[in-house]
Amino acid sequence: MTIRVLLADDQALLRGTFRLLIDSCDDLEVVAEAADGAAAVALAREHRPDVVLMDVRMPGTDGLAATEAICADPRLTRTRVLILTTFENDEHVARALRAGASGFLGKYVTTDTLLDAIRTVAAGESLLSPGATKALIGQFLATPPPAQRPTAPGMDELTNRELEVMKLAADGRSNAEIAGELHLSVLTVRTHVQRAMAKLGARDRAQLVVLAYRTGLVSPDGR
């Protein structure tokens, strides 16, 4: 199955480079290009791509606002947003995660890393660059004191094993690492992750991590 990609970047030369790179892969295809956030939202609604490769700094509507609009649109529940930017800073990572982005990469990444990132995000996994560390996520998604801690619909429905897997996912562990720690198969871990996402209404693994911090299931100090 071909992964359909929408490119959103205000630099035409960069979009052209990405198009050549992506279209050279048998399993990837660029379906549209946008030079600003507003166009990205409109084209996402028109083409319903699997992945939007989104720049942050664009004229008019920026990439983060566009990400919020795309992720909030019920018609685009299957569309994933992968943020790709030169300006990889804490605030951008935090806003991207809150907006519903599934991945965040700096533009310094290698060709293979970028292509693998598109495939990873399209598969429903989250992908954060080295700059988006556990400490960073904790800093911006830190939970309030227990008395004020919000709840998420569906949390009470999670099994103990699903909660355990969710905690480890929020700690940045991959399915393979979780499987090794809990002595489970990777397929079993993936099933637990998918069930937790379904119960919580999370569109992907990145949202599952956000919910783990926001509800206090895990905290910035690792407890």
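Cut-offs used in this document
Residues numbered from 1 in each chain as written. Predicted model: local features only at pLDDT ≥ 70, side-chain atom pairs only at ≥ 80, totals over all residues. Heavy atoms only, no water. Helix = DSSP H or I, 4+ residues; strand = E, 2+ residues; numbered from the N terminus. Contact = heavy atoms within 4.5 Å. Salt bridge = Lys/Arg side-chain N within 4 Å of Asp/Glu carboxyl O. Buried < 20%, exposed > 50% of the residue type's maximum accessible area, 1.4 Å probe, protein only. Core = buried A, V, L, I, M, F, W, Y, C linked by side-chain atoms within 4.5 Å.

- Under the annotation held in an unreviewed UniProt entry, the protein chain carries the name DNA-binding response regulator and is attributed to Jiangella anatolica.

## Considerations on the environment of I118
Then step 1. Considering the arrangement of structural elements, one finds I118 in helix α5 (residues 111–122).
Then step 2. Placed 113 residues apart in sequence, I118 and V5 show a C-alpha to C-alpha distance of 8.4 Å.
Then step 3. Once residues within four sequence positions are removed from consideration, I118 is found in contact with I3, V5, I22, L28, V51 and L82.

## Points about the side chain of T67
Then step 1. Examined against the element boundaries, T67 turns out to sit in helix α3 (residues 63–72).
Then step 2. Contact partners of T67, with chain neighbours within four places excluded, come to M54, V81, I83, A99 and A101.

## Re the pattern of salt bridges
Then step 1. In this structure the tally under the stated criterion is nine salt bridges.
Then step 2. E164 is the salt-bridge partner of R161, the closest N and O atoms lying 2.9 Å from each other. Of this pair, R161 and E164 are both found in helix α7 (residues 160–170), three residues apart, which corresponds to roughly one turn of the helix.
Then step 3. Among the residues examined, E164 registers a relative accessible area of 34% and is labelled partly exposed.

## Some thoughts on unusual backbone geometry
Then step 1. One non-glycine residue, R48, lies in the positive phi region at around 50°.
Then step 2. Considering the arrangement of structural elements, one finds R48 in the loop between α2 (37–47) and β3 (51–54).
Then step 3. For R48, a relative accessible area of 47% translates into the label partly exposed.
Then step 4. Of note, H183 is a non-glycine position whose phi angle comes to about 60°, a positive value.
Then step 5. With respect to the helices and strands, the residue H183 is situated in the loop between α8 (175–182) and α9 (186–200).

## Observations regarding the nonpolar core
Then step 1. One finds M54, I70, V81 and I83 to be the most contacted residues of the largest nonpolar core, which totals 26 residues.
Then step 2. Among the elements of the structure, β1 (3–8), β2 (28–34), α2, β3, α3, β4 (80–85) and α4 (90–99) are those that each provide at least two residues to this core.
Then step 3. Discounting chain neighbours no more than four positions away, the residues touching M54 are A8, A40, G63, A66, T67, I70, V81, L82, I83 and L84.
Then step 4. Counting residues in each nonpolar core, the second largest holds 25 residues, with L163, M166, A179 and A202 among its members.

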